[in-house]
Structure formats: C-alpha cells, structure tokens
Amino acid sequence: MNAEAHQKVRASHLQRDAYLYVRQSTMRQVFENTESTKRQYALRERGVALGWPVERVHVIDSDQGQSGASAADRAGFQRLVAEVGMGKAGIVLGLEVSRLARNSTDWHRLLEICALTDTLILDEDGVYNPADFNDRLLLGLKGTMSEAELHVLRSRLRGGILSQARRGELRSPLPVGLVYDSHGQVILDPDQQVQESLRQLFRTFQRTGSARATVQSFRAARLLFPRRVRTGPHRGELCWGPLGHWRVLQVLHNPRYAGAFFFGRLRTRQRPDGKITYEKRPREQWLSLLPDTHPGYISWPQYEENQKRLLDSAQSHGQDRRKSPPREGPALLQGLALCGVCGTRMTVRYHTRRGEVSPDYVCQRQGIETGSPICQAIYGAGIDAAMGALLLESMTPVALEVALQVQQELQSRLDEADRLRHQQVERARYEAELARRRYLQVDPDHRLVADTLEADWNEKLRALTDAQEQYEKQRAADAAVLGDEQRARILALATDFPRLWRDPKTPQRERKRMLRLMLEDVTLIKAEQITLHVRFKGGASQSLTLPIPPRAWQLRQTSAQVVAEIDRLLDHHTTGEIATLLNRRGLVSGEGKRFNVSMVQRISRDHGLKSRPQRLRDAGLLTRQEIAERLGIALQTVKHWRAHGLLRAHAYNDKGECLYEHPGDTPPLKKQGSKLSKRRRFPEVPSNRTEEVQCET
Ligand SMILES: [Zn+2]
C-alpha cells in the first residue's frame, strides 16, 4: 500500500463502512475459478490495512453465477449502488473494479454516485477518488476498455461461429431423431422406434393437414413421442411422453428434419429489464440455410409443402378462412364458398333456428375492413342440402373410389400404429433384460448395489407388463374399431355412397372431407334466386339455382288454413273455445306452438277477421241494456229470465259476457206470481266449452 493511497483515505471515509463486491459470471466460474474468488476476498485485508475495522467491511457476494452484461438481474450490484447512494459507503472494494459492471452505463452511473457521495474505489491497482477529475478519467477509461475487450472477445467468438455456420459445419444441438456419428456427421437416430415415431408424425400431418389432428391421432392411438433431455444430470437421455401440439409445430418447422442445416433463425434482443427475448427472423434473413446437408426424414419440397399448409391453417384462424382444412361444425362449404359479387372467400357464421344450428355463408371481410355493410349473407341450410343432393346424383363412381380409399387408409393407419406400439413393448422388454443382466453381474455380497439393481429390475419388469397390457388392450380396441361387422358396413358403404353420406353416424367433418376431395370451390350469388357455380376438381363445373329461403318471420307466419278455420269458428265460438278446438285437432301456430286465447286474438286481429261481438251484433243480437229497455224490465231481471230459459243469449268472450237474441214477436212478459221454472221457452243447454254454449251468468 503506497502513501498516495493513504492520502486519499480521510477520516470522513473511515467513519463510513467499506463494501467488498465479489462476483463470478457463471456458476462454473464459481466452482472452478477459486483462485479469482480468493483474490477477491483478499481485498478485504487491504481494506483493513487502509484503516477499516474488519467487522465494518461488508461483503456483497449475492451475484455469483450471474453474468455481468446487465445490472438488471443482479440484486447485489443494485444493493451496492443503493448503499453508495445513501452515503453509507466510504469505499467500494472490488477486483478489477472496472468489471464491477460490464455494462458501461451501469459503471458510469456507479462512478457518478461515488463522486457525489465522496466514496472511494479500490482495486488491486490502487485507490481512486471518483470526485477527483484525473481518477475519474482513469476509471472511465478502464470501464470503456473492459467493455471493448468484451466486445472483441465476443465478435471473435461469433466470427468463428458464423464462418463455421456458413459452411454448415457448426456443431449445434440436434433435435430428437438426429444424432452425430463418431465422425461428427449428422445421421438418423439408429433407434428404430425413434425413427418410426418421427415418420409417423410426418405421415399423420400429411394425411390430416393439421397439427392438432396429428396430436389427436397420436393420443387416440396412445402413441408416445421421444424427447431428448437437454440439461441436468440426465442430459442426453431419451424420454417418452405424450405428444403435444407445440412439439408437432416444432418438428414441422425444423428444417433439420428435411436434411437442411440452418443457423440464425432467431434474433436475440435484450429488453430494458435485462431479460432476453427471441424473435423469429423471416427465412430470407437467416444467416445460413443449406438444404440437403445431411439425411433427413422428409424431402426439402415436402418441408416447404408442410410450411405452406401450416401457414394456410394459421391464416384460416385469422381474417379469412381461406382454404381451411375441414373443421367441426355443420357448414359443408366452410372454406370452399366464394362470393360471386366481389370474389373474396365467404366465412361461415352459425345461428340457431328452431333449436338447430344452421350455417350462414357471409361475405363480410370487406365490410369489416371498411366499415361498410356486408356484401352478401346467404342462409346456408338449403345450399348444403342442394350440394349434398348434387354429389349424390353425379358423384357415384368417384364416391366409390373415395370410400374405398378411406377404408384402405383406416386399415393402414391402424397397422402403423400397431407396429409402433409393438416397438414400445420391445423397448420395455429390452430394458427389463438389461436390468436383469446388470443385476446378475453384480457381486451378491455387495448388498447396497445389488438391492438397488434388483429394485430397478423389478421396476423395469413392471413397466414391461404395463406396456404389454396397454398393447393388448389397444389392439383389442382397434380390432373392435374394424370388426367384421364394421368392415362389412364400410364395404357396403363404399359401394353405397349415398348411404355413407346420409348416415347420421357419419361425422360432418368426414362429409366435408369427402366434399373437398371432389370440389375445388363454390361461388354463391344471391339475387332473385341463389345461384351456385360449382367447380369440381379436374375442371368440370355445374351451376344450380335455388329459391331464396323464406325469411324468419315468414316461417313464423300462421298458415292460411288455420286463419280460415279461426274465421269460420268465430261465428259460433269465443276465442278461448277456438284455441281449445284447434289444439284438439292438432293444429299448431307458425312457431309450432299450441294455441291460447291471446294467440287466437292476435291472429284474428292481424288478419283483419271480424270480431265475435261484431258478428253477433251484425246478426241482430241485443245488449242487456237494449233488451231490458225493449221489454221494460230491470237489468237484473234480464239475467234472471235468461237463467230460467225465458231469453236466449250467446257469449261473445271468455268472461261470460253475452249478447241476447231478439225475443221475437211474442216476448215474455212480467207475470206476478207464476213460477219462472214453469215458463221456460228454451231448452237448457248443458255447459260444454267446446260446443256453442249459452251464456253462463
Ligand atoms: Zn362479396
């Protein structure tokens, strides 16, 4: 320690504490570079030599194993800055202080704060006072040099990597299914089960055209997919697990499976919070892409084709369902309908009508983008029915072929899956055998090892039994899928396309697939009629016209027959009685409902039918008031007389209000003392709501 160093340390510094900052960038350095760690801790002695009591030298070593490129993740460095900023630190100790913060911004910030709070800095070369201009200049230079050194190191490293990558010789981690041989050449994994699983994945995708369907197919057949462990103690080992959607995408997007070397597909970018994000570059910006560098599972054109299909599939989720693979949902022409007015693809919208989901074909893309009304919307149920009929009448030979193909494909698919599952059993058997041999080889006196190996053997045997059971179960299930009965049914269906088409058990998705095998697209135009221009695969075309289906309110209209019936019945019945009569005859409203009073009232009002009171008045019937005046009797007497059959009345509503028949030329007269029951002129009519009834009150 020189005198100059001691001169810089003043009492004001010694009153505050000393902070020793220890760090190693990687965990590996923490373990292996113990020399450097020792040197860092030795600085504490120098702090003590400068006059700080040992108990006041605080060690900050929480950042060990963190890279120095950014301060964001390093809690220790943050704490150091905070302590300095609060003026608690008299001196900061660190090995090659300029490396305290590799990132120059962090470094300058620390220097600034040290200058403001009059904090010294010490490294192996000496003591600096950042408040002093010359010292600050020196420290700043050291920081810049350190940054430059890092940059040079990195670019040299990267330059080497890049030139190797351009030649396609860079040894990079390989995806599962590909391995390096002893000469460093990429070859297919010699494990047949791994190979076969990857082939199965590519085959399934080729068949279904969708990553999701590929996953479903694997899961339905209970097939596992291999994965290689990348890190940790089991690094490099092979594991088997269920196939996931992202993994299918990963495999399909990886050019290495097509035998191509690539590099620089991702761009790394540092976010303000210090985390790294990855961004996919478009293919033309990749640093290197060399097709046919090594053997692969698919050809390069096949890879390109897969990318295109994935893109199509992704687009069909977005603004336009163009060329989408058949999905669930009843719309037959989903992804095939074109707008005959503007030429864009029509989307499908579903709505529920009378409890059934029916599709509408809608051209709304332009409308959505420009905020204008939609181009055209066509009710789809009629169109789908017409398309089905068209196929049934014109497609029989093709249909036969399709159905046969489907059947063949089903069979071969099951065979493939069976072979793969059998390999799973074989693997389990091999592993059990291996465990047995290991157990037999060990010295039986070596109890600990023997016990472990025995347990391992037992476990492997259990796994083998499980695999075997699983295999048998699935095999039985597959056999059930294509049992004799079913096989006969499929064969029958193959020769009978209409039945296959109409069979309610045939999923709509399969119908759509069949349609797709035959049709290129269908152009829809709605004018006076709906016109369908159907283009078949192979260039043939056909046009159909359909009437525009009735609108919803038209469908809800009451039939003319019911209206006429109500009109007829109103002459003799109240609305309540009419409802009962109509229901008894099994008639229903336009909405398919049973009638009630208010419905009959609404229908007769809407159709301008003459009301029942009006009809009775037109027939010359009198109100109670009128007949009372005409006969010179009290209102109450009218009721009384009607009840005893002296007068006849007809109900005009369901509350029992009525109008009275004209009493005629010889009206009943008041006769004191003679019993009303003896004077009855009209027979008593039994109360019957459905026949014409007399007024009851
Ligand atoms: Zn349009």
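Residues numbered from 1 in each chain as written. Predicted model: local features only at pLDDT ≥ 70, side-chain atom pairs only at ≥ 80, totals over all residues. Heavy atoms only, no water.

Asker: Is there a simple way to think about the overall build of the protein chain in this case?
Answerer: Helix and strand counts for the protein chain stand at 25 helices and 22 strands. Counting only residues that meet the buried cut, the protein chain has 41% of its 697 residues in that class. Residue pairs at least 24 apart in sequence account for 60% of intrachain contacts in the protein chain once pairs closer than 6 positions are excluded. Total accessible area on the protein chain stands at roughly 38,800 Å², and carbon and sulfur atoms take up 52% of it. (Helix = DSSP H or I, 4+ residues; strand = E, 2+ residues; numbered from the N terminus. Buried < 20%, exposed > 50% of the residue type's maximum accessible area, 1.4 Å probe, protein only. Contact = heavy atoms within 4.5 Å. Areas by Shrake-Rupley, 256 points an atom, 1.4 Å probe, with all protein chains shown as cover.)

Asker: Can you help me understand the environment of Ile378 in this one?
Answerer: Note that Ile378 resides in strand β17 (residues 376–379). Considering only alpha carbons, one finds Ile378 and Val348, 30 residues apart in sequence, at a separation of 9.8 Å. In contact with Ile378, other than residues within four places in its own chain, are Met346, Pro359, Asp360, Tyr361, Ile383, Leu524, Ile525, Lys526 and Ile530.

Asker: Could you clarify how one ought to interpret the sheet that holds strand β18 (residues 519–526) in this entry?
Answerer: The strands making up a sheet associate through hydrogen bonds between their backbones, and the pairing can be parallel or antiparallel. The four strands are arranged β14-β18-β19-β20 in an open sheet whose pairing can be described as mixed. Looking along the sheet, the strands with just one partner apiece sit at the ends: β14 (337–339) and β20 (541–547). Ignoring strand direction, the axes of neighbouring strands in this sheet form an average angle of 25°. Across three bridges, the pairing between β14 and β18 is parallel. Its bridge partner being in β18, Cys339 is matched across the sheet by Leu524. The strands touched by helix α18 (residues 508–518) are β18 and β19 (529–536); relative to β18, the strand with the most contacts, the crossing angle is about 95°. (Pairing = 2+ DSSP bridges. Axes fitted to C-alpha atoms, helices over the stretch in contact; angles between N-to-C directions.)

Asker: I keep staring at the packing of aromatic side chains and nothing clicks. Help me out?
Answerer: To describe a pair of aromatic rings, one takes the distance between the centres and the angle between the planes. Following the criterion strictly, the structure yields six aromatic pairs and no others. Where Phe218 meets Phe225, the ring centres are 6.2 Å apart and the plane angle is 75°; that geometry is what we call edge-to-face. In this structure Phe218 comes out as buried when scored by relative accessible area, which is 0%. Owing to a relative accessible area of 2%, Phe225 belongs among the buried residues under this scheme. Cluster of aromatic residues (ring-pair linked, three or more members): Phe202, Tyr257 and Tyr297. The ring of Tyr180 carries the charged tip of Arg171 above its face, separated from the ring centre by 4.0 Å. Over the ring of Phe205 we find Arg309; its NZ or CZ atom is 5.6 Å from the centre of that ring. (Phe/Tyr/Trp six-rings, centres within 6.5 Å; stacked < 30°, edge-to-face > 60°. Lys NZ or Arg CZ within 6 Å of the ring centre and 35° of its normal.)

Asker: Would you take a moment to explain the coordination of the zinc ion for this structure?
Answerer: Each pair of donors in an ideal four-coordinate tetrahedral metal site encloses 109.5 degrees, whereas pairs in an ideal six-coordinate octahedral site enclose 90 or 180 degrees. Every protein donor of the zinc ion is accounted for by Cys339 (SG), Cys342 (SG), Cys363 (SG) and Cys375 (SG), and the metal-donor separations fall at 2.2 to 2.3 Å. Considering all four donor atoms around the zinc ion, the spread of angles at the metal, 97 to 119°, places the coordination shape in the tetrahedral class. Sequence positions of the residues that donate to the zinc ion give the spacing C-x2-C-x20-C-x11-C. For Cys339, a relative accessible area of 2% translates into the label buried. (Donors = N, O, S within 2.8 Å, 3.2 Å for Na, K, Ca; no water. Tetrahedral: all angles 85-135°; square planar, octahedral: opposite > 155°, others 65-115°.)

Asker: Quick question: what am I supposed to make of the pairing of β18 here?
Answerer: Looking along a regular strand, one sees side chains alternate from face to face of the sheet. Bridge count between β18 and β19: seven bridges; the pairing is antiparallel. Following the sheet pairing, Thr523 is matched in β19 by His533.

Asker: Help me out: how do you make sense of helix α9 (residues 211–220) in this one?
Answerer: Helical geometry: 3.6 residues make up each α-helical turn, so side chains three or four residues apart lie on a common side. If you check which residues of α9 are buried, you get Ala211, Ala213, Thr214, Val215 and Phe218. Where α9 is buried, its residues meet α8 (192–208), β8 (224–228), α10 (245–253) and α18. A side-chain oxygen of the first residue of α9 lies 2.9 Å from the backbone nitrogen of Ala213; this N-cap is Ser210. The first or second residue beyond α9 is Arg222, which carries a positive phi of 55°. (Polar contact = N/O pair within 3.5 Å; in protein donor to acceptor, adjacent residues only side chain to side chain.)

Asker: What is the right way to look at helix α25 (residues 635–643) in this model?
Answerer: Where α25 is concerned, the buried positions are Val638, Trp641 and Arg642. The buried residues of α25 all sit within an arc of 100° when viewed along its axis, so they share a single face. For α25, the elements touching its buried residues are α24 (624–631), β21 (649–651) and β22 (658–660). Positive backbone phi, approximately 80°, marks Gly645, located one or two places after α25. (Arc of directions from axis to C-beta.)

Asker: What is the right way to look at a nonpolar patch on the surface in this model?
Answerer: Together, Phe133, Leu137 and Leu141 make up a nonpolar patch on the protein surface, roughly 320 Å² of accessible area in all. Inspection of the secondary structure puts Leu137 in helix α7 (residues 133–166). (Patch = residues over 30% accessible without salt bridge, like charges linked within 9 Å, V, L, I, M, F, W, Y side chains within 5 Å. Salt bridge = Lys/Arg side-chain N within 4 Å of Asp/Glu carboxyl O.)

Asker: How should the packing of α8 against α10 be read in this particular structure?
Answerer: Between two packed helices, the angle of one axis relative to the other and the distance separating the axes together describe the packing. Two elements in contact, α8 and α10, have axes whose closest approach is 11 Å; the angle formed by their N-to-C orientations is 90°. When the axis of α8 is compared with that of α10, the two are roughly perpendicular. In this structure, α8 uses Leu198, Leu201, Phe202 and Phe205 to contact α10, whose residues at the interface are Val248, Val251 and Leu252. Grouping the amino acids of the contact of α8 with α10 by side-chain chemistry returns seven nonpolar, no polar and no charged. (Parallel < 35°, antiparallel > 145°, perpendicular 65-115°, else oblique. Nonpolar A, V, L, I, M, F, W, Y, C, P; charged D, E, K, R; others polar.)

Asker: Honestly, the confidence of the model for the protein chain in this entry has me stumped. Any pointers?
Answerer: As a note on interpretation, predicted positions should not be read in detail where pLDDT is low. For the protein chain, the average pLDDT comes to 79, and 82% of its residues sit at 70 or higher. Across residues 317–322, where pLDDT falls below 50, the model places 15 contacts with residues more than four positions away in sequence or in other chains. (pLDDT = per-residue confidence, 0-100.)

Asker: Explain the pairing of β17 here, please?
Answerer: Side chains Gln376 and Ile378 of β17 all project onto a buried face; the interleaved residues Ala377 and Tyr379 project onto a face where none is buried. Sheet analysis places strand β16 (residues 356–363) next to β17, joined by four bridges and oriented antiparallel. In the sheet register, Cys363 faces β17, and the bridge partner there is Gln376.

Asker: Just to check I follow, could you spell out the pattern of salt bridges for this structure?
Answerer: Think of it this way: side chains of opposite charge can pair up when their charged atoms draw near. Enumeration according to the criterion identifies 27 salt bridges in this entry. The shortest N-O distance in the salt bridge between Arg203 and Glu416 comes to 3.2 Å. Taken as a pair, Arg203 in helix α8 and Glu416 in helix α14 (residues 396–441) lie far apart in primary sequence, 213 residues in all. Glu565 is the salt-bridge partner of Arg585, the closest N and O atoms lying 2.2 Å from each other. Remark: Glu565 occurs in helix α20 (residues 560–569) and Arg585 occurs in the loop between α21 (575–584) and α22 (597–606); sequence separation between them is 20 residues. Overall, Arg585 belongs to the partly exposed group, its relative accessible area being 43%. Through salt bridges with shared partners, a single network forms among Glu196, Arg203, Glu416 and Arg419.

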